[in-house]
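# What the coordinates show
The primary structure of each chain is shown beneath.
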Amino acid sequence: MRKGEKKLIVLLHLAVLLFWAVVFAVPSHFDFLIWNVFLALIPLDFAIFYRKAKQGTNIWIHGAAFLLWLFFFPNAMYLLTDFSHLSAIGTGLANTAQYLNYGFLFMGLMFGMLIGLSSLEMIVETVQVKSRQRLLIFYTAIAFLSALAIYLGRFARINSWDIFTNPQLIVSQLFTLISWDMFVFIVIFGLIQLMIFIIYHLIWKNH
């Protein structure tokens, strides 16, 4: 792990702690961001665990660490849909309360994205995806799997841990929700994430 990478990880954890404290202390409509940003932090820690596990020889631990990261990664990108909660305060940005609430929501979204994207880049470096074509395929797969997970989380209220505690629920809800609306959502949010992944990768690679 590079020195700059270690510094970024520490700063992200500290920023999240500060964000939690501010949202907890200041009344707003978006207390749920404490939980959502916490869930966004989990994939970063699993990415660190995966990198450590890769230094060993047990392939089962490698695989388990990667799957844990994959299952929880969509929580970070799920925050992209949290702008839907702007309806609680209105979108006019006409008073101080709206400024404050919008600031909380935007900070939560950005923290979630930065944390998720940093974990993704750690995974890419650990897997050592060097070919541009393979990297694009990897990003595309993650983007559309994440979009599917976000859809299930937003509209079926399925959580990452349901994969372990109630997998039958995921299967039943998936077949129930299959529709044109689901397809369009996955395509749009998959492409949005893919674009974000590529831009962040270029920044990460040259930092």
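The following refers to the structure shown. Per chain, residue numbering runs from 1 following the sequence as it is written. Totals for whole chains, interfaces and linings use all residues, but because this is a predicted model, local features are given only for residues with pLDDT of at least 70 and pairs of side-chain atoms are given and counted only at 80 or more. Heavy atoms throughout the structure, all of them, feed into the side-chain values; hydrogens and water do not.

On to the overall build of the protein chain, then. We count a stretch as a helix when DSSP gives it H or I for four or more residues in a row; a strand needs E for two or more, and each element gets its number in order from the N terminus. Looking only at helices and strands, the protein chain features eight helices and zero strands. In this setup the radius of gyration rests on C-alpha atoms only. A globule is expected at 2.2 Å times the number of residues raised to 0.38. Relative to the 2.2 N^0.38 estimate, which gives 17 Å for 207 residues, the radius of gyration of the protein chain is 18 Å and therefore close to what a compact globule would have. Summarising its shape, the C-alpha atoms of the protein chain cover approximately 55 × 45 × 30 Å along the three principal directions. Scored against the burial criterion, the 207 residues of the protein chain give a buried share of 45%. Considering only contacts in the protein chain between residues 6 or more positions apart, those separated by 24 or more positions represent 76%. His is not counted, nor are the chain ends; Lys and Arg add positive charge and Asp and Glu add negative charge. Charge positions come from single atoms, namely NZ of Lys, CZ of Arg, CG of Asp or CD of Glu. Charge separation in the protein chain, taken as the distance between the mean sites of 13 positive and 8 negative side-chain charges, equals 14 Å. The buried label applies to any residue whose accessible area, calculated with a 1.4 Å probe on protein chains only, is under 20% of its type's maximum; exposed applies above 50%, and partly exposed to all values in between. Whether two residues touch is decided by their heavy atoms; if any such pair falls within 4.5 Å, the residues are in contact.

A few words now on the pattern of salt bridges. Each salt bridge in this description consists of a side-chain nitrogen of Lys or Arg and a carboxyl oxygen of Asp or Glu lying within 4 Å of one another. Counting across every chain of the model gives two salt bridges. Of the charged contacts, one joins Glu 125 and Arg 51 as a salt bridge, the two residues approaching to 3.3 Å between their closest N and O atoms. Taken together, the positions of Glu 125 in helix H4 (residues 96-127) and Arg 51 in helix H2 (residues 32-54) put the pair 74 residues apart, joining distant regions of the chain. Assessed through its relative accessible area of 11%, Arg 51 is described here as buried. The partner of Asp 82 in a salt bridge is Arg 154, with the nearest N and O atoms 2.9 Å apart. In this pair, Asp 82 is assigned in the loop between helix H3 (59-78) and H4 and Arg 154 in helix H5 (residues 132-155), connecting sequence segments 72 residues apart. For the pair Asp 82 and Arg 154, one class covers both residues: buried.

Right, let's talk about the side chain of Ser 146 for a bit. Examined against the element boundaries, Ser 146 turns out to sit in helix H5. Looking at Ser 146, the relative accessible area reads 1%, which means it is buried. Here the side chain of Ser 146 touches Gln 193 through a polar contact of 2.8 Å, side chain to side chain. The contacts of Ser 146, once residues within four sequence positions are left out, are Phe 73, Pro 74, Met 77 and Gln 193. Any pair of N or O atoms that falls within 3.5 Å is considered a polar contact. Within protein, one atom must be able to donate a hydrogen and the other to accept it, and sequence-neighbouring residues count only if both atoms are side-chain atoms.

Turning our attention to the environment of Glu 125. Glu 125 sits in the partly exposed class, given a relative accessible area of 28%. Once the C-alpha coordinates of Glu 125 and Arg 51 are considered, the two residues, 74 residues apart in sequence, prove to be 9.0 Å apart.

This next bit is on the nonpolar core. With 66 residues, the main nonpolar core has Leu 44, Trp 69, Leu 120, Phe 138, Tyr 139, Ile 142 and Phe 197 as its most contacted residues. Excluding residues that lie within four positions of it along the chain, Ile 142 makes contacts with Trp 69, Leu 70, Phe 73, Leu 120 and Phe 197. Note on terminology: a nonpolar core comprises buried Ala, Val, Leu, Ile, Met, Phe, Trp, Tyr and Cys residues joined through side-chain atoms within 4.5 Å.

What follows deals with the packing of aromatic side chains. Centres within 6.5 Å make a pair out of two Phe, Tyr or Trp rings, where for Trp the six-membered ring is used; the pair is then stacked when the planes are under 30 degrees apart, edge-to-face when over 60, and tilted otherwise. Within the structure shown, the criterion is met by 16 aromatic pairs. A centroid spacing of 5.5 Å and a plane angle of 45 degrees characterise the contact between Phe 46 and Phe 72, whose relative ring orientation is tilted. With Phe 46 in helix H2 and Phe 72 in helix H3, the pair connects residues that are 26 residues apart, well separated along the chain. A residue is classified by how much of its surface remains accessible, and Phe 72, at 8% relative accessible area, is buried. Every member of this aromatic cluster is reached through a ring pair, and the members are Tyr 50, Phe 66, Trp 69, Phe 73, Tyr 139 and Phe 197.

For the rest of this paragraph, the subject is the packing of H3 against H4. In this analysis, axes come from line fits to C-alpha atoms, helices being fitted only over the stretch in contact, and the angle between any two N-to-C directions falls in the range 0 to 180 degrees. Across the interface, H3 lies against H4 with an axial gap of 8 Å and an inter-helix angle of 155 degrees. Taken as axis vectors, H3 and H4 run roughly antiparallel relative to one another. Crossing handedness for the pair H3 and H4: left-handed. Of the residues in H4, those in contact with Phe 66, Trp 69, Phe 73, Ala 76 and Met 77 of H3 are Gly 112, Met 113, Gly 116, Ser 119, Leu 120 and Ile 123. For this classification, under 35 degrees means roughly parallel, over 145 means roughly antiparallel, 65 to 115 means roughly perpendicular, and everything else is oblique. For a crossing to be left-handed, the near helix must be turned anticlockwise from the far one by less than a right angle; the clockwise case is right-handed.

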